[in-house]
Amino acid sequence: MVTIAGQDGPSPTPFLLIWGVVALALGGALATRGVSERFRAFIVEGLASKPGYQGRARSMSLGFPRFIGGVFMVCGMVAIPVSIAMMVRS
């Protein structure tokens, strides 16, 4: 980030802010039970031509997509304050 701050090009802070808001919103949605069930069903339907993989995808617990959603939420919660701090400093 130090090298980016020293350049005369466009600032990455608006991108970081937008990415943080999107990650927070989509991660929060994926962390819910309904969306994680739809996500798993989408993956299982996409693997219809491969029965071995489809069986493994069906047996996957709902905790995995919810964990991924939680990770996205944490990344978004970190990215938003960092981008705001970068905007205030410049």
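Just above sits the structure.
Residues numbered from 1 in each chain as written. Predicted model: local features only at pLDDT ≥ 70, side-chain atom pairs only at ≥ 80, totals over all residues. Heavy atoms only, no water.

1. With respect to the overall build of the protein
Worth spelling out the cut-off: The secondary structure listing takes helices from DSSP runs of H or I that are at least 4 residues long and strands from runs of E that are at least 2 residues long, numbered from the N terminus. The reference for a compact globule is 2.2 Å times residues^0.38; the radius of gyration itself is calculated from the C-alpha atoms. Exposure classes here rest on a 1.4 Å probe applied to the protein chains alone. A residue is buried below 20% of its type maximum, exposed above 50%, and partly exposed in between. Contacts are residue-level and defined by heavy atoms, with any inter-residue pair within 4.5 Å sufficient. Computed with the Shrake-Rupley method and a 1.4 Å probe, the accessible areas treat only the protein chains shown as cover for residues.
When you go through the protein residue by residue, the secondary structure sums to five helices and zero strands. Going from N to C terminus, the protein has its helices and strands arranged as α-α-α-α-α. Expected size for 90 residues packed as a compact globule is a radius of gyration near 12 Å; at 18 Å, the protein overshoots this value by more than 25%. The principal-axis extents of the C-alpha atoms in the protein amount to approximately 55 × 25 × 15 Å. Counting across all 90 residues of the protein, residues that qualify as buried make up 20%. Long-range pairs, those at least 24 residues apart, make up 76% of the contacts in the protein with a sequence separation of at least 6. Of the accessible surface of the protein, which amounts to about 6,400 Å², a share of 71% is contributed by carbon and sulfur atoms.

This is a description of form; function is not addressed.
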